[in-house]
Amino acid sequence: MENNRRKFLKIVSHSLGGVLAAGIAAPLVGLGIHPWLKETVYGTEDFINLGKLEDFPIGIPKKMNVTSSKMDAWNVFEGLVMGSVWVLRKEDNSLSVFSVNCPHLGCGINWGEEEKQFLCPCHEGIFDINGKVVSGPAPRSLYSYETKIENDNVLVNYKKLI
Amino acid sequence: MASKFGEWIEDRTGLSKLLKTALDEPVHGGAKWSYVFGSGLVFLFILQAVTGILMASYYSPSSTAAWGSVYYLQHKTSFGWFVRGLHHYGSSAMMILALVHMFQVFIFGAYKKPRELNWISGVILLLCLAGFGLTGYLLPWDQKGYWATQVATNIMGTIPVIGKYIKILHQGGADYGNFTITRFYTLHVFLLPLSLVFFLFIHIALFRKHGVTPYWKMREDVLRDRVDPFWPDQILKDVVFALGMYAALAGVIFWTGGAELQAPADPASNYLARPEWYFLFLFELLKYCQGKYLIVGTVIIPGIALAFLFVLPFIDRDASRYPSKRIPFFGAVFSGLTGAVVLTVLAMHHDSRDIHIIHQREEAEKQAARAVKLAEKGIPPTGGLSIFLHDPVALGEKIFKESCIGCHKVGGEGGDNGPDFTNFGSREWVAELLKNPRDQRYFKETGLMPPIKLPDESLLDMAEFLLSQSAGLVNQNIERVERGKGLVLKGTCVACHPMGNKDMKKMAPNLTDYLSETWLKEFLRNPADPRFYGTRNKMPAFDRLSDSQLDALIQYLFSLSKDRTLVSEKQEKRKEEYVFGLTAPRTSIHFKDRS
């Protein structure tokens, strides 16, 4: 008899304790995973202006800072340098805009003026002027960004890597 | 498999043995509902800890970032408002429960030998709770917390000799700033929790050593013979109580919409600060201790009360726990309690009847709602307060209070030389003006315009037409406009008021584009222009205001009635430049207060 009473008390305690714990955990987990549910850091412009087309020499990649507005949780930063890109203006005035990060492990790559190639200093990755892998460990050609020219201004979509 | 794993864990850790020792505590005299308060406090403390830890991952302790981060938590995250509400109301619940627990211990005489240290550690825990409340209030860096905490740090400053230094140490400097937040944050999330856990450990260990203190009438043999195990008999009651408290908290949070977040702290404002309810009696006490007696309220009376609590187990040495044998102590404790309750009620009573406080509360709510609205577009790195710098309505209100409120009333405040601007520019305001220009609210006996003797509906038609000339009249009624147009143009209005040509001059103000942005701007610049009041003008010209100041003032005037939107041509243009919500027209705020 006594034993049954105890058993019952234990079951009720466990169940009510479980209900309580679940009730507390639900909102806590909901809040905790907020960064999965909503973008907390993001650039606020799609296409970012990098400057006039004539400022880019034909056939020589030029490194440019990408300056834009950025939302960082509650803050808005106007005119913040978000990163940089390599811009290559070709003969026909078309553009290639490459990420400065090596597709191998993300080191910053440089333009070798003498070699006329992109060089990654970390593991001696080498890319040609069109971003194709020449040698080294990189699994793919350089990442690039969508670009367009409007009123002689070079615009780049810095949000999406291609 | 599971049992094998369990055995392995048990063999290596002794976990279940430990749990058994922890939970098989005998409860002498039987499990009781009256014992749930202590464990209820432990539950609430754990709740405060988990909600606090989670909130800490969203909070940014600096004078520029704090408000923004709390705003983000409250308005932009899922459940953030609920978790913050739990933490906020949980602190009040802890305070209430701690007082109940303490009075129960006092009434049961549970502080008596050999439990003196248990009582003392309990008093220290109560002080820790007060410290949590005090330090947590400031962290959102909103108006309420900022100004209320000023009172607390100023009280520190009244302590003789060392007060000044203690104050500087807490503030992290001579004035409030970044270090005030980091220090209060450190106290709130590191020092106080560590102290609380330390003393809680002692408190519970001593409780386990000495056992429960039952009702004083319980006979010795019952106490000896009836023994319930802590688990599950007492724990079930504790869990039910915890569940009840959690449900009540959730209810309060849903009912109130969570903890309040007021507008960002503005050191330039003159906010009437009020502390959290459990400090109200101290606050009220200070009203009666002024000048050189201030120290009586800030240091001497609280000091005596605290000293009494600390020495109580040593002065009440009679072994009997019967209340009738402890009348002087009951007298002392309950007169102290009565004093605190009376002071609290007095403080609340005063505030509920003080027109300044009521007005300020309404104002604070409006400001808070506006701040939240403005913050939506992102808060500049210069901090929460700077969102207002980009808000023409707020700037306009400031200019109005500097330049206009001497003559014009808004919401019952201000002078009465000029028309009352409450609900200015609304349909009703214009219609009432037409009905009786010499009314107290308008031009009084100086008004030269004759009242228009038409039914109210027709007056509203005329108002609709007059206002429809400026952009931004909401829910325009075309039929009314047409009817009003007929009444105005065919009636006697145009005998005195020019209409249709904005440069035309007659004896009364030109009503072309009446109350539009440009009309208001030109009027404010020179009301004595022949297009307006001419030689009969009594209002000073505000040509010293810059273009943007005039814009802001007009935006504010537009915001005074719900009939006008704040969208103007200029803002429409800015809307086109609007890129990804960034340069969104901060001015087109359709501000609604909560009422």
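Going along each chain's sequence as written, the residues are numbered from 1 onward. Labels follow written order: the first chain is A, the first ligand is 1, and so on. Per-residue local features of the predicted model are confined to residues with pLDDT of at least 70, and side-chain atom pairs are confined, for both listing and counting, to 80 or more; whole-chain, interface and lining totals are unaffected and use all residues. Side-chain measures were taken over the full set of non-hydrogen atoms in the model, leaving aside hydrogen atoms and water.

So what exactly am I meant to see when it comes to the sheet that holds strand β5 (residues 95–99) of chain A here?
Within a sheet, adjacent strands bond to each other through the backbone by hydrogen bonds, running parallel or antiparallel. Residues and elements named next belong to chain A. Taken in spatial order, the 7 strands line up as β1-β3-β4-β5-β10-β11-β2 in an open sheet, and their pairing is antiparallel. Each of the sheet's edge strands pairs with one partner strand only, and the pair in question is β1 (41–43) and β2 (47–52). Along the sheet, successive strands turn relative to each other by an average axial angle of 40 degrees, direction set aside. Strands are treated as partners if at least two bridges between them are detected by DSSP. Think of it this way: any DSSP run of H or I at least four residues long counts as a helix, any run of E at least two long counts as a strand, and we number them from the N terminus. By the bridge criterion, 5 bridges tie β2 to strand β11 (residues 153–161) in an arrangement that is antiparallel. Paired with F47 across the strands is N157, a residue of β11. Only the stretch in contact is used when a helix axis is fitted, and all axes are lines through C-alpha atoms; the angle between N-to-C directions ranges over 0 to 180 degrees.

What is the right way to look at the domain arrangement of chain A in this model?
A common measure of how large an interface is: the accessible area buried when the components associate. According to the domain assignment, chain A contains domain 1 (1–38) and domain 2 (41–156). Either an automatic procedure or a domain database provided the assignment from which the domain bounds are taken. Here the C-alpha centre of domain 2 of chain A lies 52 Å away from the C-alpha centre of domain 1 of chain A.

Whenever I open this one, the confidence of the model for chain B confuses me. Can you help?
Should the pLDDT be low somewhere, the predicted coordinates at that spot are not to be read in detail. All names here are of chain B. Confidence along chain B averages 86 in pLDDT terms, with 95% of residues attaining 70 or more. Confidence of the predictor at the level of single residues is captured by pLDDT, which takes values from 0 to 100. Working rule for contacts: check all heavy atoms of both residues, and any pair within 4.5 Å makes them a contact. Counting contacts from residues 567–595, a segment whose pLDDT is below 50, to residues more than four positions away or on other chains yields 47 contacts. Of the two predicted TM-score estimates for the complex, the pTM is 0.75 and the ipTM is 0.75.

Can you help me understand unusual backbone geometry in this one?
Leaving glycine out, the prevailing phi sign among residues is negative, and the prevailing peptide bond configuration is trans. Residue and element names in this part refer to chain B. With an omega of 10 degrees, the peptide bond between K113 and P114 qualifies as cis. Here the amide bond leading from W231 into P232 is cis, since omega sits at 5 degrees, within 30 degrees of zero. Tracing the sequence through the fold places P232 in helix α11 (residues 230–256). Unlike most non-glycine residues, V161 shows phi in positive territory, near 60 degrees.

Any chance you could explain the state of the cysteines here in plain terms?
Between two cysteines, a covalent bond joining their sulfur atoms is known as a disulfide. All names here are of chain B. The rule for a disulfide is simple: a pair of cysteine sulfur atoms within 2.5 Å. In total, this model carries 1 disulfide over all chains according to the counting rule given. Summary of cysteine pairing: C404 is not part of a disulfide, and the nearest cysteine sulfur, belonging to C407, is at 8.6 Å. On the accessibility criterion, C404 (11% relative accessible area) is buried. For the exposure calls, accessible area comes from a 1.4 Å probe over protein chains only, and a residue counts as buried if that area is under 20% of its type's maximum, exposed if over 50%, partly exposed in between.

How do you make sense of the domain arrangement of chain B when you look at a structure like this?
As far as domains go, chain B holds domain 1 (26–357) and domain 2 (391–580). Relative placement of domain 1 of chain B and domain 2 of chain B: their C-alpha centres are 54 Å apart.

Teacher, can you tell me more about the sheet that holds strand β8 (residues 125–127) of chain A here?
All names here are of chain A. Pairing is antiparallel in the open sheet, where 4 strands are placed in the order β6-β7-β8-β9. Since the sheet does not close on itself, it has two edges, and those belong to β6 (110–112) and β9 (133–135), each with one partner. Averaged over all pairs of adjacent strands, the angle between their axes in this sheet comes to 40 degrees, without regard to strand direction.

Explain the packing of aromatic side chains here, please?
In this description, a pair of aromatic rings is defined by centroid distance and the angle of the planes. In this analysis, rings of Phe, Tyr and Trp, with Trp reduced to its six-membered ring, are considered paired at centre separations within 6.5 Å, and the interplanar angle assigns stacked below 30 degrees, edge-to-face beyond 60, and tilted for intermediate values. Taken as a whole and assessed by the stated rule, the structure comprises 36 aromatic pairs over all chains. Arranged with centres 5.2 Å apart and planes meeting at 80 degrees, the rings of W277(B) and Y278(B) form a pair that is edge-to-face. Judged by relative accessible area, Y278(B) falls into the buried class, the value being 9%. Taken together through their ring pairs, the aromatic side chains of F103(B), F106(B), Y111(B), W119(B), F330(B) and F334(B) make up a single cluster. Here, a charge over a ring is recorded when the distance from Lys NZ or Arg CZ to the ring centre is within 6 Å and its angle to the ring normal is within 35 degrees. Taking the ring centre of F56(A) as reference, the NZ or CZ of K62(A) above it sits at 5.3 Å. The lysine or arginine in question, K148(A), covers the ring of F47(A), its NZ or CZ lying 4.1 Å from the ring centre.

Any chance you could explain the UniProt feature "domain: Cytochrome b/b6 N-terminal region profile" (unreviewed entry) in chain B here in plain terms?
If you check UniProt for "domain: Cytochrome b/b6 N-terminal region profile" (unreviewed entry), the listed places come out as residues 5–216 of chain B in our numbering. Along residues 5–216 of chain B the backbone is 75% helical and 1% strand, and the end-to-end C-alpha distance reaches 48 Å. UniProt positions are given in the numbering used here, feature names are shortened, and annotations may be inferred rather than shown by experiment.

How should the interface of chain A and chain B be read in this particular structure?
Between chain A and chain B, the contact holds 36 residues from the first and 39 residues from the second. Two parts placed together each lose some accessible area under a 1.4 Å probe, and the buried area is that loss summed for both. Between chain A and chain B, roughly 3,200 Å² of surface is buried when both sides are summed, and carbon and sulfur atoms account for 72% of that area. Taken as a group, L20(A), L31(A) and W74(A) account for 25% of the area that chain A buries against chain B, more than any other trio of residues on that side. Note that D233(B) and R6(A) form a salt bridge whose closest N and O atoms lie 2.6 Å from each other. The salt bridge definition used is simple: a Lys or Arg side-chain nitrogen within 4 Å of an Asp or Glu carboxyl oxygen.

Whenever I open this one, helix α3 (residues 36–56) of chain B confuses me. Can you help?
An α-helical segment advances 3.6 residues per turn. Residues three or four places apart therefore align on the same side. To estimate how far a helix should reach, multiply one less than its number of residues by 1.5 Å. For α3(B), which comprises 21 residues, the first-to-last C-alpha distance of 30 Å matches the rise-based estimate of 30 Å (1.5 Å per residue) to within 8%. What α3(B) keeps buried is the set V36(B), G40(B), L41(B), F43(B), L44(B), F45(B), L47(B), Q48(B), T51(B), L54(B) and M55(B).

Is there a simple way to think about the UniProt feature "transmembrane region" (unreviewed entry) in chain B in this case?
The sites that carry the UniProt feature "transmembrane region" (unreviewed entry) are, in the present numbering, residues 35–59, 89–110, 117–139, 185–207, 239–257, 293–315 and 327–348 of chain B. A distance of 26 Å separates the end C-alpha atoms of residues 239–257 of chain B, which is 95% helix and 0% strand.

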